[in-house]
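As a plain string of letters, each chain reads:
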Amino acid sequence: MKSYLKAPFIAIALLSACVSAQQSVKTEKEYTKEIAKLAKSKKVQAAFGHIDSQEDQTAKDLVALTEILAPPFKEEERGKAFGQMLLAAGVDSLWTDKVGNVIGLRKGTSGESGFVGVDAHLDVVFPEGTDATVTQVGDTLKAPGIGDDTRGLAMLISLLKAMNQSKIQTQKDLLIVGTVGEEGLGDLRGMKYLFNESGLDIDSWIAIDGGDIGRISNAGLGSKRYKVIVKGQGGHSWGDFGLANPHHALGKIISTFSSDAWAYTSGNIPKTSFNVGRMGGGTSVNSIPFESWMEVDMRAIDPKNLDEIERLFKNSVEEAISEYNSSGIRGEVTYELVQIGDRPSGELPTSLPLIQRAMAATEYFGVEPKLGRGSTNINIPVSKGIPSVCIGRGGKGGGAHSLHEWYLNDETGPESIKLALLITLAEAGLKK
């Protein structure tokens, strides 16, 4: 695997410069010319036409995939359906890797090593049992997960069909991938496997994940997530009054951490956040619980700040438990920290060819490119200095991560597929 920034620490060192530079980034003329020339190719124009003509089928693919619910760690059935669509669209080979990523290979002509990857994620945030039936109101499709990120999967199928129907050949090999584990506790496990364990030599990566056309992420927002489990003996609220109570201890942890973390994040540092997102435990209102737990999310632009708020969190837990156990209660509580998420930060310079090509391709469609940062699949390659962008799926949508999610395929829907095609061809090289 190649690293165009030599090492992750260089990407981190560039972070401050990139943040300020993004406010006034210009597309270099050479890439504007490159994209314009590519778009004028007869085969590319033919592919654009195919994308337009197959919009009805793309919508049907979107509905079919949406109605196969795919919570994190349970993406297998949707993955099978997506794989069948890839085969029907014409990949040269198809496989599902160790963690469940569904990978289609479209061979290039140059024989060069190094893949160009294009992906959308298979998983959605919704648990088993969620009704994913798609309903249509006018031109609007409604269902949990219809936009995030099932629309991206349907775009990949349309892109592949258009390439094959117009007989486009790329110089480099393409990987067209439905990835697992992007959402929540999935913790980017699909991308971590691809870039850390698969052995695939990946040169660059293009992710499609939510958002309007024109949205381009070249930076990853890092996060650390923990589950705190506090345990005690448990007992009766009256008969065992005075016994160590895990809920009370957990409350002290929250108070201590919130105070320390608020003081830190309110300082003069790049944006850093913390949140207690879920809590649970106990058996009844009149019982002293034997277990209490919470899940904590911490995020930061700068990896140094992420490390520091993680340190504050761990210290707060230890301090709060120690103080609680020495407060005069009977017995004591114990605690366990379980890391449930670790997404690295990073940012790539806007001068990289892939980022410039994404900007130039966006401008080709008359849209102003807007560079930004997110917590997406590209966190992994970005943290390794591997050229990567995340682009939007176009159309109009709303209610992401809610039961009322909706998607409307306006004129920017097919344009977003064409945009993904242009970026992919520019990066992989179009055989003349």
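So, here is what we can say about the structure in this document. Owing to the predicted nature of the structure, the values given are computational and were not obtained by experimental measurement. (Residues numbered from 1 in each chain as written. Predicted model: local features only at pLDDT ≥ 70, side-chain atom pairs only at ≥ 80, totals over all residues. Heavy atoms only, no water.)

1. Quick notes on the packing of helix H4 (residues 42-53) against helix H7 (residues 150-165)
Here is step 1: Running from N to C, H4 and H7 point in directions that differ by 135°, and their axes come no closer than 8 Å. Relative to H7, H4 is oriented oblique. For the crossing formed where H4 meets H7, the hand is right-handed. Residues Ala47, His50 and Ile51 of H4 form the contact with H7, whose own contacting residues are Ser158, Ala162 and Gln165.
Here is step 2: Here the contact of H4 with H7 is built from residues that sort into three nonpolar, three polar and no charged. (Axes fitted to C-alpha atoms, helices over the stretch in contact; angles between N-to-C directions. Helix = DSSP H or I, 4+ residues; strand = E, 2+ residues; numbered from the N terminus. Parallel < 35°, antiparallel > 145°, perpendicular 65-115°, else oblique. Left-handed = near helix turned anticlockwise from the far one by under 90°. Contact = heavy atoms within 4.5 Å. Nonpolar A, V, L, I, M, F, W, Y, C, P; charged D, E, K, R; others polar.)

2. Looking at H7
Here is step 1: Its 16 residues place the ends of H7 23 Å apart at the C-alpha level, agreeing with the 22 Å of an ideal helix rising 1.5 Å per residue.
Here is step 2: Of all 16 residues making up H7, 14 are buried, and the element is well covered by its neighbours. (Expected span 1.5 Å × (residues − 1). Buried < 20%, exposed > 50% of the residue type's maximum accessible area, 1.4 Å probe, protein only.)

3. Details of the sheet that holds strand S11 (residues 272-281)
Here is step 1: Pairing in this open sheet of four strands is antiparallel, and the strands run S11-S13-S9-S14 from one edge to the other. Only two strands of the sheet have a single partner each, and these edge strands are S11 and strand S14 (334-343). Looking at each pair of strands side by side, their axes are set apart by 15° on average, direction ignored.
Here is step 2: Examined bridge by bridge, strand S9 (residues 222-231) and S14 share nine bridges and lie antiparallel to one another. (Pairing = 2+ DSSP bridges.)

4. Structural notes on the sheet that holds strand S5 (residues 140-142)
Here is step 1: Pairing is antiparallel across the open sheet formed by four strands, whose spatial order is S4-S5-S19-S18. The outermost strands of the open sheet, each flanked by one partner alone, are strand S4 (135-137) and strand S18 (396-398). Taking each pair of neighbouring strands and ignoring which way they run, the sheet shows an average axis angle of 20°.
Here is step 2: Here S4 runs beside S5; their pairing, made up of three bridges, is antiparallel. By the bridge assignment, valine 137 is partnered in S5 with threonine 140.

5. Digging into the environment of glycine 385
Here is step 1: Tracing the sequence through the fold places glycine 385 in the loop between helix H12 (379-383) and strand S17 (388-391).
Here is step 2: Between the alpha carbons of glycine 385 and alanine 361 there is a distance of 22 Å; along the sequence they are 24 residues apart.

6. Concerning the nonpolar core
Here is step 1: Core analysis: the largest hydrophobic core is formed by 75 residues, its most contacted members being Phe82 and Leu422.
Here is step 2: The biggest single contributor to this core is helix H13 (residues 412-428), with nine residues.
Here is step 3: In this structure, phenylalanine 82 is in contact with Leu65, Val102, Leu122, Leu153, Leu156, Ile157, Val177 and Gly178, ignoring residues within four places of it in sequence.
Here is step 4: Membership of the second largest hydrophobic core comes to 23 residues, among which are Ala244, Ala249, Val296 and Met298. (Core = buried A, V, L, I, M, F, W, Y, C linked by side-chain atoms within 4.5 Å.)

7. So, the pattern of salt bridges
Here is step 1: Counting across every chain of the model gives 20 salt bridges.
Here is step 2: Residue aspartate 297 pairs with arginine 225 through a salt bridge whose shortest N-O separation is 2.8 Å. Of this pair, aspartate 297 sits in strand S13 (residues 291-300) while arginine 225 sits in strand S9; the two residues are 72 residues apart in sequence, bridging distant segments of the chain.
Here is step 3: Residue class for aspartate 297 comes out buried when judged on its relative accessible area of 13%.
Here is step 4: For arginine 225, a relative accessible area of 12% puts it in the buried group.
Here is step 5: Across the pair glutamate 295 and arginine 278 runs a salt bridge, and its minimum N-O distance is 3.0 Å. With a gap of 17 residues between them, glutamate 295 in strand S13 and arginine 278 in strand S11 connect regions that are remote in the sequence.
Here is step 6: Salt bridges sharing common partners tie together Lys224, Glu310, Lys314 and Asp342. (Salt bridge = Lys/Arg side-chain N within 4 Å of Asp/Glu carboxyl O.)

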